[in-house]
Each structure stands twice: as C-alpha cells, then as structure tokens.
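Working through the structure, step by step
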Amino acid sequence: MRKLYIVRLTKQERIELQSVVKKLKGTGQKVRRAQILLKADASGPNGIDERIAEAYACQTRTVERLRQRFVEHGCDEARNRVVRQEPPVEKRLTGDQEARIIATRLGPTPQGSNNWTLRLLARKVVELAMVDSVSYETVRRTRKKMA
C-alpha cells in the first residue's frame, strides 16, 4: 500500500527524538510517538506501518495518523499530545441559564414536594421557558458544578 504521508526527519529532529527515547523523557505516549517517528523516517529505517504498529503495540491507524500529523503540523505537534480546541459536544446551557437553574433550585419547592428532584427541576426550567428542553442529566451536571 502506498503511503500518503512520508516522514522525513531533519538531523536536528532525529537527534531530539533519539534523546527522548534514550533518556525516556516525558510520558510513555511521548516516548512511543518518538519511537514510531524514528522508525517511520524515510531516510532511516522507513518501516512499514503494520510492522511499526506491531512493534509498539498500537493500531496501524495510529501510525498513519502520526505520520499525517507530522507532515501537516511538524515534529513538535506530532510528538506532543494534541489538545482539543473545542469540546466534542457543544454546551447546552449558557452561564446565565445555569445561574437561573441554580436560583430556581434555591427557591421554594413545588407544592406537594419536600425537596427538588432533578426531574422536577428540569420540568420547572422548561415550564418557566428558561430553555426549550433540558434533560434531568443536564440539570444534574449543572448542580454538580455548583457543589
């Protein structure tokens, strides 16, 4: 299979990666990424992705993604952990809505109840038109932040 992303390490990058591997600098993930990049180097061993993955106990797709990240973003970003810029799921409530939910919970309980339950609170929030719809789980997470 033809490789889409070819890793070509500069002399300086190779020295840095070898230093990480030799001294075991950083996390295990960082060391393993350095090892994979060294094995994938076109001017070095130029290993096959399947063999590299087998040698370092990871998936072939991991090696492919690491190659891609190296080519697109450079050695430092490929070697280090990628931090997400945005959460995988958008927040359902704004800060103002969360504050209003907390204020509602601190207010009087509905008639016939001694305490606010998550379901009661979720129904009340929708009833007061704070949001169009909300699950009791979202209300629970909002309460948990407060505690």
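The structure under discussion appears in the preceding block.
A few points on the structure. All figures in this text were calculated on a predicted structure; none of them were measured in a lab.

Along the backbone of the protein there are eight helices and zero strands. Helices and strands appear in the protein in the N-to-C order α-α-α-α-α-α-α-α. Taking all 147 residues of the protein together, the buried fraction comes to 29%. Considering only contacts in the protein between residues 6 or more positions apart, those separated by 24 or more positions represent 50%. Split by element, the accessible area of the protein, about 10400 Å² in all, is 49% carbon and sulfur.

One finds L17, I36, L37 and F70 to be the most contacted residues of the largest nonpolar core, which totals 19 residues. Looking at this core, the elements with two or more residues in it are helix 1 (11-23), helix 2 (28-40), helix 3 (49-55), helix 4 (60-73) and helix 5 (75-79). Of the residues forming this core, the biggest block, six residues, is contributed by helix 2. Core analysis: the next-biggest nonpolar cluster, separate from the first, contains ten residues, I101, L121, A122 and V125 among them.

Once that is clear, we can look at the packing of helix 1 against helix 2. Contact pair helix 1 / helix 2: the axes reach a minimum separation of 9 Å and the direction vectors enclose 135°. The orientation of helix 1 with respect to helix 2, classified from their angle, is oblique. As for the relative orientation of helix 1 and helix 2, their crossing is left-handed in sense. Packed against helix 1, whose contacting residues are R14, L17, Q18, V20 and V21, the element helix 2 presents K30, V31, A34, Q35, L37 and L38 at the interface.

Before going further, it helps to examine the environment of R119. Structurally, R119 is set in helix 7 (residues 118-127). Along the backbone, R119 and N46 are 73 residues apart, and their C-alpha atoms lie at a distance of 58 Å.

Here we take up the environment of R8. Here R8 is to be found in the segment before helix 1. Judged by relative accessible area, which is 57%, R8 ranks as exposed.

Any empty space left between the atoms is revealed when a probe the size of a water molecule rolls over them. Quantified by volume, the second largest pocket comes out at close to 200 Å³. Residue lining of the second largest pocket: ten residues in total, with K91, R92, L93, T138 and R141 positioned closest to the centre. With four residues, helix 8 (residues 136-146) is the single largest residue contributor to the lining of the second largest pocket. Split by residue class, the lining of the second largest pocket holds two nonpolar, two polar and six charged.

What counts and how
- Residues numbered from 1 in each chain as written.
- Predicted model: local features only at pLDDT ≥ 70, side-chain atom pairs only at ≥ 80, totals over all residues.
- Heavy atoms only, no water.
- Helix = DSSP H or I, 4+ residues; strand = E, 2+ residues; numbered from the N terminus.
- Buried < 20%, exposed > 50% of the residue type's maximum accessible area, 1.4 Å probe, protein only.
- Contact = heavy atoms within 4.5 Å.
- Areas by Shrake-Rupley, 256 points an atom, 1.4 Å probe, with all protein chains shown as cover.
- Core = buried A, V, L, I, M, F, W, Y, C linked by side-chain atoms within 4.5 Å.
- Axes fitted to C-alpha atoms, helices over the stretch in contact; angles between N-to-C directions.
- Parallel < 35°, antiparallel > 145°, perpendicular 65-115°, else oblique.
- Left-handed = near helix turned anticlockwise from the far one by under 90°.
- 1 Å grid on protein atoms, 1.4 Å probe; cavity = no way out; pocket = protein on both sides within 12 Å on 5 of 7 lines; lining within 4 Å.
- Points joined across faces, edges and corners; volume = space filled by probe spheres on them.
- Nonpolar A, V, L, I, M, F, W, Y, C, P; charged D, E, K, R; others polar.

By themselves, these observations are geometric and do not establish any function.
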